[in-house]
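What follows is the residue order along each chain.
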Amino acid sequence: MLLVATLVYVRLPRAFSKPADAPLGDSALLDGYRHVEVASVSDALEKVSGQRMYMSHRMRPIFAAKFAGFALTIQLNKEENRDPAALQGMLAAIDQGGPNSVWVMVVQDGADIAGMGGLMGTAMAARNYSGAVIDGGVRDVAYLQKIAFPVYALGIVPSTSVNHYRFAGANVPVVCDGVPVTAGDIVVADADGVVVVPRSKAAEVLAVAQEMDFKEHSMYATIEKLKSIVEAVKQFGRL
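These notes cover the structure that comes with them.

What counts, and where the lines are drawn
- Residues numbered from 1 in each chain as written.
- Predicted model: local features only at pLDDT ≥ 70, side-chain atom pairs only at ≥ 80, totals over all residues.
- Heavy atoms only, no water.
- Helix = DSSP H or I, 4+ residues; strand = E, 2+ residues; numbered from the N terminus.
- Contact = heavy atoms within 4.5 Å.
- Buried < 20%, exposed > 50% of the residue type's maximum accessible area, 1.4 Å probe, protein only.
- Pairing = 2+ DSSP bridges.
- Right-handed = clockwise from strand over helix to strand, strands pointing away.
- Core = buried A, V, L, I, M, F, W, Y, C linked by side-chain atoms within 4.5 Å.
- Axes fitted to C-alpha atoms, helices over the stretch in contact; angles between N-to-C directions.
- Parallel < 35°, antiparallel > 145°, perpendicular 65-115°, else oblique.
- Left-handed = near helix turned anticlockwise from the far one by under 90°.
- Nonpolar A, V, L, I, M, F, W, Y, C, P; charged D, E, K, R; others polar.
- Expected span 1.5 Å × (residues − 1).

1. Here's the deal with the environment of R34
Relative to the helices and strands, R34 resides in the loop between α1 (25-33) and α2 (38-49). Dropping the residues within four chain positions of it, R34 is found in contact with K66, A68, N100 and S130.

2. Overview of the pairing of strand β2 (residues 67-78)
Most of β2 is tucked away, with ten of its twelve residues classed as buried. The sheet contact formed by β2 and strand β10 (residues 186-190) spans four bridges and is antiparallel. Pairing of A68 across the sheet is with V188, part of β10. With seven bridges joining them, β2 and strand β3 (residues 101-107) adopt parallel strand pairing. Within β3, the position partnered with I74 by the bridge is M105. For the crossover from β2 across helix α3 (residues 88-94) to β3, the handedness is right-handed. Of the strand pairs in this sheet, β2 and strand β7 (residues 165-170) are connected by five bridges, and their pairing is antiparallel. In the strand pairing of β7, L76 is matched with F167.

3. Topic: the nonpolar core
Judged by nonpolar contacts, the single largest core of 39 residues is most densely connected at Y33, V41, V133 and I186. Sorting elements by how many residues they give to this core places helix α6 (residues 202-226) first, with six residues. Grouped together as the second largest cluster of nonpolar side chains are 27 residues, L72, V107, I134 and A170 included.

4. Re the packing of α2 against α6
Across the interface, α2 lies against α6 with an axial gap of 8 Å and an inter-helix angle of 125 degrees. In terms of their interaxial angle, α2 and α6 are classed as oblique. Regarding α2 and α6, the two cross each other, and that crossing is right-handed. Here S40, V41, D43, A44, L45, K47 and V48 of α2 come into contact with α6, specifically with E204, V205, V208, A209, M212 and D213. Considering only residue class, the contact of α2 with α6 consists of eight nonpolar, one polar and four charged.

5. Some details on the packing of α6 against helix α7 (residues 229-236)
At a minimum axis distance of 9 Å, the contact between α6 and α7 shows a crossing angle of 140 degrees. Considered as vectors, α6 and α7 are oriented oblique to each other. Note that α6 runs across α7; the crossing there is right-handed. In contact with K215, S218, M219, T222, I223 and L226 of α6, α7 contributes I229, E231, A232, V233, Q235 and F236.

6. So, α2
The terminal C-alpha atoms of α2, which comprises twelve residues, lie 16 Å apart, in line with the 16 Å expected from a rise of 1.5 Å per residue. The complete set of buried residues in α2 reads V38, S40, V41, S42, A44 and L45. Here the buried face of α2 lies against α1, β10, β11 (193-197) and α6. Among the residues trailing α2, G50 stands out with phi positive, at a value near 75 degrees.

7. Concerning unusual backbone geometry
At A148, a position not held by glycine, the phi torsion is positive, near 60 degrees. Counting through the fold element by element, A148 comes out in the loop between α5 (141-146) and β6 (151-156). With a phi close to 50 degrees, D177 is a non-glycine residue in the positive phi region. Turning to its location among the elements, D177 is positioned in the loop between β8 (174-176) and β9 (179-181).

Structural data, given as structure tokens:
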């Protein structure tokens, strides 16, 4: 279990995902993203903005999961230390999030470092986070699976960040598995992977993704009926 002793007060930027802070439209927006496929979101984002905002094949879930929420970003930087407060800002940041938060943590050069484990996952689950995405490793996986808290990470490792990393900021711009993420961006995840939608483009991208989803789901029956994907693509214009 990841554990850091010694309490130090750290002032953090306001988390983006508390219901009281969110405009009324955000609830409907997230509900829409929770009902479209991540592949359609990726295609829609590329169509709308020309951006490829999907994380690589390395970013995988510890169990099958689907979620959407607002990014609460965290950066940890490598630093050998004996400072008991080195990661206190990370713990304080967890307590700033809540329903609709997605914990997006970048652990510098941390593919073999567990950025989170059961204790942090329990806290996030208790605060009703949507999920977590870690550019780094994860541990205590059996317990995270037991409490059904969804985590995407680069791998499963038994290591610790304690004494090896220092908290470098919360709700700051980060690059997670090659994708730039700003606090408040929408993070969507399912069996196909993780996509980040810039908040300014979220409504437009969702509308296009929903149209793509509708066409693709309609095509299945057409392909079965005609026994031809060529004819179905001609009819629906979607591949």
